[in-house]
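# Geometric and topological summary
Okay, here's what each chain looks like letter by letter:
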There are 2 protein chains.
Amino acid sequence: MSVLIKDVLVDGKEKDIYIESNKIAAIREAGSSKGKIREGEAEVVIDGKRKAAIPGIFNGHTHAAMTLLRGYADDMPLHDWLTTKIWPLEARLTDEAVYWGTKLAALEMIKSGTTFFNDMYWYWESSARAVEESGIRAVLSAVFIDGFDEEKAKEQIIKNKVLYEKSKNLSKRIIFALGPHAVYTVSKESLCWVKEFSERHDLLVHIHVSETKEEVEECKKRYGMRPVEFLAEINLLSSRTIACHCVHLSRKEMELLKQHDVKIVHNPTSNMKLAIGQMPYEELKKTGLYSNIALGTDGCASNNNMDMFEELKIASLVHKAFSGDPTSIPAAEAFALATRNAAKIFRLNSGIIAEGKLADIALLDLRKVELVPNHDLTSNIVYSANGSCVDTVICDGAILMTGQKVKGEEEIKEKAREVAYELMSMSGNNKKE
Amino acid sequence: MSVLIKDVLVDGKEKDIYIESNKIAAIREAGSSKGKIREGEAEVVIDGKRKAAIPGIFNGHTHAAMTLLRGYADDMPLHDWLTTKIWPLEARLTDEAVYWGTKLAALEMIKSGTTFFNDMYWYWESSARAVEESGIRAVLSAVFIDGFDEEKAKEQIIKNKVLYEKSKNLSKRIIFALGPHAVYTVSKESLCWVKEFSERHDLLVHIHVSETKEEVEECKKRYGMRPVEFLAEINLLSSRTIACHCVHLSRKEMELLKQHDVKIVHNPTSNMKLAIGQMPYEELKKTGLYSNIALGTDGCASNNNMDMFEELKIASLVHKAFSGDPTSIPAAEAFALATRNAAKIFRLNSGIIAEGKLADIALLDLRKVELVPNHDLTSNIVYSANGSCVDTVICDGAILMTGQKVKGEEEIKEKAREVAYELMSMSGNNKKE
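Here is what the cut-offs are and how they apply
- Residues numbered from 1 in each chain as written.
- Chains lettered and ligands numbered in written order.
- Predicted model: local features only at pLDDT ≥ 70, side-chain atom pairs only at ≥ 80, totals over all residues.
- Helix = DSSP H or I, 4+ residues; strand = E, 2+ residues; numbered from the N terminus.
- Rg over C-alpha atoms; globule rule 2.2 N^0.38 Å.
- Buried ≥ 20, exposed ≤ 12 C-beta atoms within 10 Å, placed from the backbone.
- Contact = placed C-beta atoms within 7 Å.
- Domains from an automatic or database assignment.
- pLDDT = per-residue confidence, 0-100.
- Least-squares fit on C-alpha atoms with pLDDT ≥ 70 in both.
- Expected span 1.5 Å × (residues − 1).
- Arc of directions from axis to C-beta.
- Axes fitted to C-alpha atoms, helices over the stretch in contact; angles between N-to-C directions.
- Parallel < 35°, antiparallel > 145°, perpendicular 65-115°, else oblique.
- Nonpolar A, V, L, I, M, F, W, Y, C, P; charged D, E, K, R; others polar.

The next subject is the overall build of chain A. The helix and strand tally for chain A stands at 15 helices and 16 strands. For 433 residues, the compact-globule estimate of 2.2 N^0.38 gives 22 Å, and chain A sits close to it at 21 Å. Along the first, second and third principal axes, the C-alpha set of chain A runs to 70 × 45 × 40 Å. Per-residue burial over chain A gives 60% buried out of 433 residues.

Below, the structure is given as structure tokens:
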């Protein structure tokens with residue numbers, strides 16, 4: 001398909017953007033005669049007047065289907081929350097539930113301008129099916145937990161080999177990755193298999209790292225070293241490693257992350273809500289890791305939405321507040337975390353609006369009150385906007401939303417509601433609506 | 001006017017709400033025959049299906065017209081930001097600018113379900129005119145700054161007397177208050193006049209208190225005591241005092257606030273953005289001040305929007321994060337800060353949906369993706385929703401928004417833009433759009 005977006009603001013100037021297949025084929029000054037793109041050349045023409053084009057946003061770490069658990073359990077001590085609420089409910093998940101939960105998440109992301117997410121969850125094939133249908137782009141990993149049990153480890157390895165093979169037949173928008181959950185849930189032997197397999201097939205490795213103090217203490221007990229040291233020891237640190245959270249790091253661990261070019265995803269809202277501490281952002285930046293950092297919402301049980309605009313603001317605010325320095329994470333730096341940096345981290349040819357890049361684009365409606373006046377669009381995006389300022393979303397050259405409408409959204413919400421309430425009623429909880 | 005909202009969720013149950021003049025006259029179970037409200041009885045009928053009624057939200061502290069400065073200057077050290085950006089620009093404000101800035105703010109608040117704000121700004125009459133027209137409710141105070149200059153003090157006193165008299169002829173939605181800016185900008189003599197005048201006329205006193213460390217140090221130098229101690233000394237602490245920010249408080253000062261039943265407005269986002277510290281929320285709560293605390297956005301130069309849904313989430317998150325306790329400020333507690341508590345603080349018969357209360361109501365659209373599923377509406381409001389989930393707003397019995405549309409909104413945005421860019425061009429800055 002070919003799409004022409006006419007008269008749209010790109011970096012403060014009115015331009016025409018011409019999309020051919022899944023790429024940005026040309027960007028021209030609006031109204032210039034030289035190299036002007038003619039309407040007739042495009043199958044679809046979008047009026048970009050009073051809109052601004054920004055790269056589709058990257059959600060660097062989530063568990064998409066957890067949208068089903070939004071608002072199900074909050075404001076609890078972490079351990080109680082996990083053991084009495086989240087895990088028992090997750091144990092009752094089905095293929096169907098994950099499918100509709102992921103569809104709901106994809107819908108929420110599209111509505112708020114996100115065109116990519118990095119996921120780790122149960123029922124990989126259901127997530128993949130939801131991504132396939134929704135038109136969004138994703139790195140998908142199956143939760144790999146063996147609980148230090150040899151039999152389970154074998155199962156997990158077989159499952160991942162099968163899924164990797166199956167992923168080859170899916171849309172290029174879906175990228176298979178390995179998802180070893182964390183050092184306290186996966187055996188050393190399995191982590192070594194992950195290292196081998198990911199190296200052999202050049203796969204990303206999505207892992208939770210040092211999210212809580214308890215995790216660090218447990219690792220020190222089990223292996224006599226801290227999590228990042230241990231991961232270095234078994235050679236699981238590489239430029240393909242996506243280490244999420246990274247809240248509790250020693251100086252030495254930061255150096256190790258830098259040395260191995262490890263990628264890091266920061267989840268400020270989830271970290272705040274669970275009160276587990278904050279990633280040492282400024283220190284990681286000083287270690288030279290800035291361009292290795294992306295931002296993520298985490299799952300909806302601990303956020304409780306997937307609005308990356310909110311995440312941008314909270315990321316900037318929390319580090320200003322914790323450091324006492326109002327110049328920490330200025331707007332443009334926050335925005336890059338969720339676009340340019342993330343694209344590099346997830347090895348995608350996108351994250352900026354430029355010729356030759358993937359056509360993953362969100363159009364902001366500049367008439368939204370939060371974007372008035374428009375002294376500085378980046379500031380407005382980071383500090384004032386929310387996801388509802390997004391009018392149009394294009395991913396891989398396909399139009400997923402125009403005028404804030406996504407095809408089939410009412411059915412998705414209806415089914416996701418049903419599935420969510422069914423999960424609750426199975427657990428003896430009552431629905432409220 | 002009379003309005004019937006049919007089949008709307010109120011505290012989890014489907015109800016009919018009948019509004020007569022500016023009050024909630026009756027609430028009945030939807031479909032019940034007993035005392036059922038008939039459509040014919042109301043001049044306007046609103047379909048409340050798949051909507052939830054919540055009290056109109058209170059924005060406890062702002063400088064509304066600063067919407068004009070949204071995104072104009074961010075990420076700067078506080079002193080530079082004030083002296084090189086904010087104050088020089090404010091010095092060029094006009095009647096016209098404040099009028100359109102306040103209209104824009106009122107529009108943004110209505111769009112995000114806020115029906116009340118507590119304001120302190122320049123050009124009081126322009127703000128009042130904007131509030132009068134917009135239909136929102138407000139406590140309005142003129143910035144009272146004398147810079148320790150006797151002549152200016154006299155002027156300010158005369159001005160406030162005049163405004164107080166004028167306010168008597170305005171709509172009951174507008175409540176006149178005194179706005180002594182802070183102890184470092186207003187002389188002791190003027191503060192004593194504020195005390196007298198506010199006591200005589202039973203007026204609220206809106207003041208910034210201990211927002212920064214510098215303010216506390218300066219006060220100790222000038223008066224030999226901390227700000228709250230000084231305010232107690234001159235008898236300016238009372239149940240009519242609205243102390244905003246209250247970031248740097250000693251134990252003794254918290255006791256003084258409690259002893260005098262002082263009201264407190266917390267502005268977590270602004271405090272984070274300017275990196276000035278956080279209000280000791282949990283300690284104030286322990287001091288018995290919980291029901292005296294409201295929430296505010298502060299002005300758009302330091303937030304940069306007026307979305308109280310965002311403020312609810314950030315308030316809860318920041319205290320969880322700072323205290324390391326995920327049970328701090330649970331959802332219902334946060335919500336009460338911006339509704340029930342605030343109504344009490346600003347002495348309004350509202351803040352809950354009940355018969356006999358003022359008809360200040362927001363209807364949430366439960367079909368919005370952020371509100372799906374709806375396991376717990378209060379959790380969804382605080383942790384997942386943003387202002388765009390509001391569909392309908394009623395204030396003082398008048399319908400200000402339906403289907404997310406506010407009358408005249410395009411003109412307001414257009415004019416506010418013009419005025420904002422004019423202010424910038426006067427200061428040698430260029431507009432971007």
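So that's the structure; there's more coming.
Bringing the interface of chain A and chain B into the picture now. Tallying the contact residues gives 58 residues for chain A and 58 residues for chain B. Among the elements that take part in the side of chain A that touches chain B, helix 15 (residues 409-426) of chain A stands out by supplying 6 residues, more than any other.

For the rest of this paragraph, the subject is the domain arrangement of chain A. Residue and element names in this part refer to chain A. We note that the domain assignment places domain 1 (2-55 + 358-404) and domain 2 (57-345) within chain A. Of the residues lining the interface, 18 residues belong to domain 1; the matching set on domain 2 comes to 22 residues. Contributing elements (two or more residues each) for the side of domain 1 that touches domain 2: helix 14 (377-384), strand 15 (390-395) and strand 16 (398-401). Per-element accounting of the side of domain 1 that touches domain 2 gives the leading share, 5 residues, to helix 14.

Taken as a whole, chain A shows an average pLDDT of 96; of its residues, 97% reach a score of 70 or greater. Confidence metrics for the complex model read pTM 0.97 and ipTM 0.97.

Turning next to the relation of the copies chain A and chain B. For these two chains of identical sequence, chain A goes onto chain B by a turn of 180° and a shift of 0.0 Å along the axis, with RMSD 0.0 Å. These values place the two chain copies in the arrangement generated by a two-fold rotation axis. The position closest to the rotation axis in chain A is occupied by the C-alpha of A:Ser388, lying 3.2 Å away. With an isologous cut-off of 70% or more, the 100% of interface residues of chain A that recur at the interface of chain B puts this contact in the isologous class.

Quick look at the environment of A:Gly408 now. Residues and elements named next belong to chain A. Mapped onto the elements, Gly408 comes out in the loop between strand 16 and helix 15. Classification of Gly408 by C-beta neighbours within 10 Å gives exposed; the count is 12. Distance in space between the C-alpha atoms of Gly408 and Ser134 is 9.7 Å, their sequence separation being 274 residues.

All names here are of chain B. With 18 residues, helix 4 (residues 150-167) should cover 26 Å at 1.5 Å per step; its first-to-last C-alpha distance of 26 Å lies within 8% of that length. Turning to helix 4, its buried residues number three or more, namely Ala153, Gln156 and Asn160. Taken around the axis of helix 4, the buried residues stretch over an arc of 60°, which confines them to a single face. Set apart from the buried face of helix 4 by more than 90 degrees, the exposed residues are Glu151, Glu155, Ile158 and Glu165. Among the structural elements, strand 8 (137-144), strand 9 (174-180) and helix 5 (188-201) are those in contact with the buried residues of helix 4.

The omega torsion across B:Asn303 and B:Asn304 is 10°, close enough to zero to call that bond cis. Tracing the backbone through its elements, the reader meets B:Asn304 in the loop between strand 13 (293-295) and helix 11 (308-323). Residue B:Val372 is joined to B:Pro373 through a cis peptide bond whose omega torsion reads -10°. In this structure, B:Pro373 sits in the loop between strand 14 (361-365) and helix 14 (377-384). Phi is positive for A:Cys246, close to 45°, though the residue is something other than glycine. Position of A:Cys246 among the secondary structure elements: in the loop between strand 11 (241-245) and helix 8 (251-259). Despite not being glycine, B:Ala275 has its phi angle at roughly 55°, a positive value. Within the secondary structure layout, B:Ala275 lies in the loop between helix 9 (268-273) and helix 10 (281-286).

Our focus in this paragraph is the packing of helix 11 (residues 308-323) of chain A against helix 14 of chain A. Residue and element names in this part refer to chain A. Across the interface, helix 11 lies against helix 14 with an axial gap of 7 Å and an inter-helix angle of 90°. Judged on the interaxial angle alone, helix 14 and helix 11 are roughly perpendicular. Across the interface between the two elements, Phe309, Leu312, Lys313 and Ser316 from helix 11 touch Ile381, Val382 and Tyr383 from helix 14. Here the contact of helix 11 with helix 14 is built from residues that sort into 5 nonpolar, 1 polar and 1 charged.

Counting through the fold element by element, B:Asn271 comes out in helix 9. B:Asn271 has contacts with B:His245, B:Val247, B:Ile276, B:Gly277, B:Gln278 and B:Met279, leaving out every residue within four places of it along the chain.

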